[in-house]
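As a plain string of letters, each chain reads:
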Amino acid sequence: MDSVGVVLAMLLAVIGSGYLVRMLPFGVPLPLVQIGLGAVISGVFGHGVILDPEIFFLLFLPPLLFLDGWRIPKIGLFRDKGTILELALGLVVFTVVGAGFLIHWLVPAIPLAVAFALAAIVAPTDPVAVSAITARIHVPHRLMHILEGESLLNDASGLVCFRFAVAAAMTGAFSLASASVTFLWVALAGIACGVAITVVVSFVQRVVGQRFGEEPGSPILVNLLLPFGAYLVAEHLEASGILAAVAAGVTMSYVELSGRALATTRIRRTVVWDTVQFSLNGVMFVLLGEQLPEIIARALRYAGPEAALTPLTLFGIALLISLALILLRLVWVWVSLRLTLLNARLQGQKVYTPNFRLVLATSLAGVRGAITMAGVLTLPLALPSGAPFPARDLVIFFASAVIIVSLVVASVGLPRVLRGLEVPEETTEAAQEDLARHNAAIAAIAAIERVGHAHLGESEHADIHASAVDHVRGVYEHRLGGTTGANEPSRIRVAEQAEKEYRLAALQAEREAILELTHQRKVSDDIARKLLREIDLVEARYR
């Protein structure tokens, strides 16, 4: 019963954190509030949740990574693939080597192989943490796409480095050739699993649905189970379940473009996924806070006189490691950017040289989160000889400290670095939206004319059909900005804004009229709910 109470308390903490952030007179990042509430829960219940890393990975990461892969803009992902791969692969290796030697130098009690393991597990940024931090900060779109792409792909490289560093600590041996082959298998097989399972499941679901029909909720449930299936199959094949979940999400975005899903299914699915994302994001940070008191207590017990470490020294080293990770990231981003610009100039391309503040923002945005927390908890308890795994409690403490410091630094530093930063406007998205809306309206008008002519020729109510055709066609012509100047984006936007204002006012009036009739018991609750649902769906389109 205690476990049920802890789970309910965590969910309440997630709900309360959203209100608490808005009530505080000063700005505090939501993840930090959730971590604090988690620590409070641990103190109230008097014991921490026994966190199984394997279960944690399975329950939390696949759906969140699947959703991030699904929703990340694919054009930006492929456009900046070179920069993303430099960060997701090169930066991880650079961080493992640089931070590994630094950690061993700062704390000689941590063997070099274990120091590399710690550096490897804190090297990957976390997509969930990045999204949580940047949700309330205006980040340039292109930078956001790069950060999202990096955090989705660097998990595999970081976890593979972590796996081999732990193996080296356990056996005292390391093979670069074996590590390279394993990395290729883990990455490529994981991506293949995600793509194959998504395509096969979507095909089977479509065929079965067309032949036998399906319940309204089954497509949503299949969609929710898809990332878990991709993750489990990949892990069974000893590939990357994380990359499988990401690949499944990216593939799902292309499957979605087939347009076979019903409109109501898409609306309900979006609501379900938004709820899942909000809940799991919050619970992960609450869990981190709930684990912190025990992690700190174990590290302080380790920092006794025999370890030549005082609590103050312990926290100072944790801060130095966190700052070193930011500095390593800054150096890598600056050098790789210079090389990229040099290569572009040699090819005669016109390039934009980013402001140093943008480089600094990229470095500060390297937020660590759930993957670091869950990964470091998988450290073995003992060596093959039966001796305790060296400095395990210290490694877990330092990894937890890096998570918190990265959250604090990004939350405090990013808004100040990005404030007033001028970057070239990306007009492609607005132009693409204008093009899509314009072509869609033109196609809609042509379809109206085609269907209208068919009915006018055979219907006895030709005048009614003619009036309906004129009305619906007028709506689309209005969205085009009138009958003249239809291709002018400014007229399109003015027309859309005007339509939005009037439609929202009309919808609110409709809602109030229906509610008034319901209160007077002139309309049943069932009919009222049906009509209000229709109004809500139309209003959602304008909101």
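For the structure, check the block above.
None of the values given here were measured: they were computed from a predicted structure.

This next bit is on the overall build of the protein. Tallying secondary structure elements over the protein gives 20 helices and 0 strands in all. With 543 residues in all, the protein has 42% of them scored as buried. Taking all contacts inside the protein whose residues are at least 6 apart in sequence as the whole, residues at least 24 apart take part in 80%. Accessible surface, the protein as shown: approximately 28,200 Å² in total, 66% of it carbon and sulfur.

What follows covers the packing of aromatic side chains. Applying the stated criterion across every chain, the model contains 7 aromatic pairs. Taking 5.6 Å as the distance between ring centres and 55° as the angle between the ring planes, the aromatic pair formed by Phe397 and Phe398 counts as tilted. The burial state of Phe397 is the same as that of Phe398; both residues are buried. A connected cluster of aromatic rings, assembled from ring pairs, spans Phe66, Trp70 and Trp273.

Let us now look at helix 5 (residues 81-106). Spanning 26 residues, helix 5 covers 36 Å between terminal C-alpha atoms, matching the ideal 38 Å at 1.5 Å per step. At Leu91, helix 5 shows its largest kink, close to 30°.

On the surface, Leu327, Val331, Trp334, Val335, Leu339, Leu342, Leu346 and Phe356 cluster together into a nonpolar patch covering about 790 Å² of accessible area. The leading source of residues in the nonpolar patch is helix 13 (residues 311-346), at 7 residues. Residue classification places Val331 among the partly exposed residues on the basis of a relative accessible area of 37%.

Here we come to helix 11 (residues 241-256). Counted at 1.5 Å a residue, the expected span for helix 11 with its 16 residues is 22 Å, and the 22 Å between its end C-alpha atoms agrees. Of all 16 residues that make up helix 11, 13 are buried, and the element is covered over most of its length.

Criteria and thresholds
- Residues numbered from 1 in each chain as written.
- Predicted model: local features only at pLDDT ≥ 70, side-chain atom pairs only at ≥ 80, totals over all residues.
- Heavy atoms only, no water.
- Helix = DSSP H or I, 4+ residues; strand = E, 2+ residues; numbered from the N terminus.
- Buried < 20%, exposed > 50% of the residue type's maximum accessible area, 1.4 Å probe, protein only.
- Contact = heavy atoms within 4.5 Å.
- Areas by Shrake-Rupley, 256 points an atom, 1.4 Å probe, with all protein chains shown as cover.
- Phe/Tyr/Trp six-rings, centres within 6.5 Å; stacked < 30°, edge-to-face > 60°.
- Expected span 1.5 Å × (residues − 1).
- Bend = angle between axes of the 7 residues up to and from the residue.
- Patch = residues over 30% accessible without salt bridge, like charges linked within 9 Å, V, L, I, M, F, W, Y side chains within 5 Å.
- Salt bridge = Lys/Arg side-chain N within 4 Å of Asp/Glu carboxyl O.

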